[in-house]
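Coordinates in review
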Amino acid sequence: MEHTRLTVTLRPGHGTLARLAATLNNHHVLDLAYTTSSPDSATAVVRVPRSDAPRAQHKMRRLVDVIDVSLDPASARTAEVPDLPATRRPAAGAAHP
């Protein structure tokens, strides 16, 4: 599945992460990372299927805490996310080693 990474710059506050999660509730979120670098700035990195990216970006831009949402189309290749565990499943009917 091809995916896109959205980088969200936010003003952190009480409930910011909960509002972000609620906004993304209807999307297939593959990964969500949230970090605060100072009391005035936070960053969320959200990985969604490419087909969900425009709608997710639009919905996040409407949040009061969001300063900016950038779309990273280069992240559409799975090879650029080396820290994710690879899951291998045998094909149906294939012999297990």
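Here goes a summary of the coordinates provided.

Cut-offs applied
Residues numbered from 1 in each chain as written. Predicted model: local features only at pLDDT ≥ 70, side-chain atom pairs only at ≥ 80, totals over all residues. Heavy atoms only, no water. Salt bridge = Lys/Arg side-chain N within 4 Å of Asp/Glu carboxyl O. Helix = DSSP H or I, 4+ residues; strand = E, 2+ residues; numbered from the N terminus. Buried < 20%, exposed > 50% of the residue type's maximum accessible area, 1.4 Å probe, protein only. Arc of directions from axis to C-beta. Contact = heavy atoms within 4.5 Å.

Another aspect to go through is the pattern of salt bridges. Inspection of the entire model under this criterion finds 5 salt bridges. Of the charged contacts in the structure, one is a salt bridge between glutamate 2 and arginine 50, with a shortest N-O distance of 3.0 Å. With glutamate 2 in the segment before strand S1 (3-10) and arginine 50 in the loop between strand S3 (41-49) and helix H2 (53-61), this pair connects stretches of sequence that are 48 residues apart. You can call glutamate 2 partly exposed: its relative accessible area is 48%.

The subject of this paragraph is helix H1 (residues 16-23). Those residues of H1 that fall on the buried side of the exposure criterion are Thr16, Leu20 and Thr23. Axial view of H1: buried residues confined to an arc of 65 degrees, hence all on one face. For H1, exposure combined with an orientation more than 90 degrees from the buried face picks out Ala18 and Ala22. Where H1 is buried, its residues touch S1, strand S2 (31-38), S3 and H2.

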